[in-house]
Amino acid sequence: MNKLKIFTKGFFSENAVFVMLLGLCPTLGTTTSAINGLGMGLATTFVLVMSNIVVSLVKKQIPDKVRIPAFIVIIASFVTIVELTMQAYIPDLYDVLGLFIPLIVVNCLILGRAEAFASKNNIINSVLDGLGMGLGFSMALTMLGAVREILGSGSVFNIKIYEGDGALVFVLAPGAFIVLGYLIAFVNRLQKRKNI
Amino acid sequence: MEYILIIISAIFVNNVVLSRFLGLCPFFGVSKQVETAAGMGGAVVFVMTVATIVTYLLQKYILISFNIEYMQTITFILVIAALVQLVEIILKKVSPSLYQALGIFLPLITTNCAVLGVAIIAVQTEGYDLIKSTVFAIASAIGFALSLVIFAGLREQLELADVPEGMKGVPIAFITAGLLALAFMGFSGIA
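Residues numbered from 1 in each chain as written. Chains lettered and ligands numbered in written order. Predicted model: local features only at pLDDT ≥ 70, side-chain atom pairs only at ≥ 80, totals over all residues. Heavy atoms only, no water.

Undergrad: Explain the overall build of chain A here, please?
TA: What chain A contains, in helices and strands, is eight helices and two strands. When the elements of chain A are put in sequence order from the N terminus, they spell out α-α-α-α-α-α-α-β-β-α. Computed over the C-alpha atoms, the radius of gyration of chain A is 17 Å, within 12% of the 16 Å expected from 2.2 N^0.38 for a compact globule of 196 residues. Projected onto the principal axes, the alpha-carbon positions of chain A cover approximately 60 × 50 × 25 Å. (Helix = DSSP H or I, 4+ residues; strand = E, 2+ residues; numbered from the N terminus. Rg over C-alpha atoms; globule rule 2.2 N^0.38 Å.)

What follows is the structure, given as structure tokens:
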């Protein structure tokens, strides 16, 4: 697999949210607006790239039987770094994302990439994989956040698009499920067309 | 009365899956059959209750007394990972068929954010004491199991329905979940 493909597969063919359905909790829980989705996506990307680097560096030292706990400790360390940094420098976003920041540690996307990719590949490929997957994840979260923000509060990235407040249900829980359902159906359709 | 309020609120009003968005991977992953859904629900009830009690004690007597609360994420996830391993070993001995049925999702309870999420909500966001934390954990887990079983029932019916081509599989499952969440929103008046 060439380097470009390792990087770009995270955006479309193996997109974490739309295709592999990984990391759904932050996907639905934090995307009440486009900016929140983007913030969550970038925080996850940082953890993903860093943990991929460390896992690919220490993959030979970790005994096979304890690899999962070892990966989790590595991921948890980077999550703690992100948590403390965000609390110090962007407290507003930290308050909005709240519980979902410590929960990056149990995002199946990150553990999944550590297990499926970084523990078998060299460091450069692992960085590319982490970046691609992370940015693809951020893209999905931003898209979902933008759609929910437009429908639910009539604005996107806090810029007003139409008058009025929109349908509140799209900002609340049910809207998250329904919008993601339609987005996945849309992506499926695009992929089918490409295959033909 | 206070406890009844915690229970009702955790099961219906702030349902872990449908309103807090925790534990969605197993929610979509093991909800194709009611039977496996119930097994998963049972495993989560056990793990979540024990995990919340253990993490509460850890937080109170170790992290706070040594002033190392920033270690919270790392310690909590390790405790939960160990507990899941324990449940896996027990289940393998006691009920091999259920162990087979749950397959990959049992080790994945470790990365079930509902378990870690409920533990953090109990000790940090809500600041419950030990008994309230335990009640909250049990109720949350029951809420998780309840929504999982209902959703599995809906999906079993959905197999027979005539769904448009593009919506088959995952998309229609999400929309069903959305409607279920809408139904659970109806409970928000009672708290």
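Next, the rest of the story.
Undergrad: Can you help me understand the overall build of chain B in this one?
TA: Broken down by element type, chain B carries eight helices and zero strands. Each helix (α) and strand (β) of chain B, taken in turn from the N terminus, gives the series α-α-α-α-α-α-α-α. The C-alpha atoms of chain B give a radius of gyration of 17 Å, which matches the 16 Å a tight globule of 191 residues would have. In terms of overall dimensions, chain B has C-alpha extents of about 60 × 45 × 30 Å along its principal axes.

Undergrad: So what exactly am I meant to see when it comes to the environment of Lys60 of chain B here?
TA: Looking at the element boundaries, Lys60 of chain B is found in helix 3 (residues 34-63). For Lys60 of chain B and Val123 of chain B, which are 63 residues apart along the polypeptide, the C-alpha to C-alpha distance reads 8.6 Å.

Undergrad: Would you mind showing me how to read the packing of helix 3 (residues 34-58) of chain A against helix 4 (residues 67-89) of chain A here?
TA: For any two helices packed against each other, one specifies the inter-axial angle together with the distance between the axes. Residues and elements named next belong to chain A. Interhelical geometry of helix 3 versus helix 4 gives an angle of 145° and a closest axis separation of 9 Å. The crossing of helix 3 and helix 4 is right-handed. In contact with Ala43, Phe46, Val47, Met50, Ser51, Val54, Val55 and Val58 of helix 3, helix 4 contributes Phe71, Ile74, Ile75, Phe78, Val79, Val82 and Met86. In terms of residue class, the contact of helix 3 with helix 4 is built from 14 nonpolar, one polar and no charged. (Axes fitted to C-alpha atoms, helices over the stretch in contact; angles between N-to-C directions. Left-handed = near helix turned anticlockwise from the far one by under 90°. Contact = heavy atoms within 4.5 Å. Nonpolar A, V, L, I, M, F, W, Y, C, P; charged D, E, K, R; others polar.)

Undergrad: Where do I start with the interface of chain A and chain B in this structure?
TA: Put simply, an interface is often sized by how much accessible area is lost when its parts join up. Residue-level contacts link 35 residues of chain A with 33 residues of chain B. For the pair chain A and chain B, the two sides together bury roughly 3,000 Å², of which 87% comes from carbon and sulfur. Its largest share of buried area at the contact with chain B, chain A owes to Cys25, Val106 and Phe177 of chain A, together 21% of the area lost on that side. On inspection of chain A and its partner chain B, the count reaches zero salt bridges. Across the chain A-chain B interface, the total number found is one residue pair in polar contact (both at pLDDT 80 or more). Within the residue set of the side of chain A that touches chain B, elements represented by two or more residues are helix 2 (24-29), helix 4, helix 6 (108-118) and helix 8 (173-195) of chain A. A total of 11 residues in the side of chain A that touches chain B trace back to one element, the largest contributor, which is helix 8 of chain A. Looking at the side of chain A that touches chain B residue by residue, the classes come out as 28 nonpolar, six polar and one charged. (Buried area = accessible area lost by both parts, 1.4 Å probe. Salt bridge = Lys/Arg side-chain N within 4 Å of Asp/Glu carboxyl O. Polar contact = N/O pair within 3.5 Å; in protein donor to acceptor, adjacent residues only side chain to side chain.)

Undergrad: Sorry if this is basic, but what is going on with the packing of helix 1 (residues 2-13) of chain B against helix 7 (residues 130-158) of chain B here?
TA: All names here are of chain B. At their nearest, the axes of helix 1 and helix 7 sit 7 Å apart, and the two run at 30° to each other. The angle between the axes of helix 1 and helix 7 places the two elements in the roughly parallel class. Here the hand of the crossing between helix 1 and helix 7 comes out right-handed. Mapping the contact onto sequence places Glu2, Tyr3, Ile6, Ile7, Ala10, Ile11 and Phe12 in helix 1 and Ile131, Lys132, Val135, Phe136, Ala139, Ser140, Ile142, Gly143 and Leu146 in helix 7. (Parallel < 35°, antiparallel > 145°, perpendicular 65-115°, else oblique.)

Undergrad: Would you mind going over helix 7 (residues 123-153) of chain A with me for this structure?
TA: Side chains three or four residues apart in an α-helix point the same way, a direct result of the helix having 3.6 residues per turn. The terminal C-alpha atoms of helix 7 of chain A lie 43 Å apart, and with 31 residues this matches the ideal 45 Å at 1.5 Å per residue to within 8%. Gly154 of chain A, located one to two residues past helix 7 of chain A, shows a positive phi value of around 70°. (Expected span 1.5 Å × (residues − 1).)

Undergrad: It is not clear to me how the confidence of the model for chain B should be interpreted in this structure. Could you clarify?
TA: Interpretation of this model should avoid reading the predicted coordinates in detail wherever pLDDT is low. All names here are of chain B. Of the residues in chain B, 95% reach a pLDDT of 70 or more, and the chain-wide mean stands at 85. No element of chain B has a lower mean pLDDT than helix 5 (residues 96-102), which averages 75, and none a higher one than helix 7, which averages 93. Prediction confidence for the complex, expressed as pTM and ipTM, is 0.87 and 0.84 respectively. (pLDDT = per-residue confidence, 0-100.)

Undergrad: Hey, could you run me through the packing of aromatic side chains in this one?
TA: Both the distance between ring centres and the angle between the ring planes are used here to describe each pair of aromatic rings. Scanning the entire structure with this criterion turns up 12 aromatic pairs over all chains. Between Phe177 of chain A and Phe21 of chain B, the ring centres sit 5.6 Å apart and the planes meet at 50°, which makes this aromatic pair tilted. On the criterion of chain membership, the pair formed by Phe177 of chain A in helix 8 and Phe21 of chain B in the loop between helix 1 and helix 2 (24-29) is interchain, its members lying in two chains. Residue classification places Phe177 of chain A among the buried residues on the basis of a relative accessible area of 0%. By the ring-pair criterion, three or more aromatic residues cluster together here, those being Phe177 of chain A together with Phe21, Phe27, Phe28, Phe151 and Phe174 of chain B. (Phe/Tyr/Trp six-rings, centres within 6.5 Å; stacked < 30°, edge-to-face > 60°. Buried < 20%, exposed > 50% of the residue type's maximum accessible area, 1.4 Å probe, protein only.)

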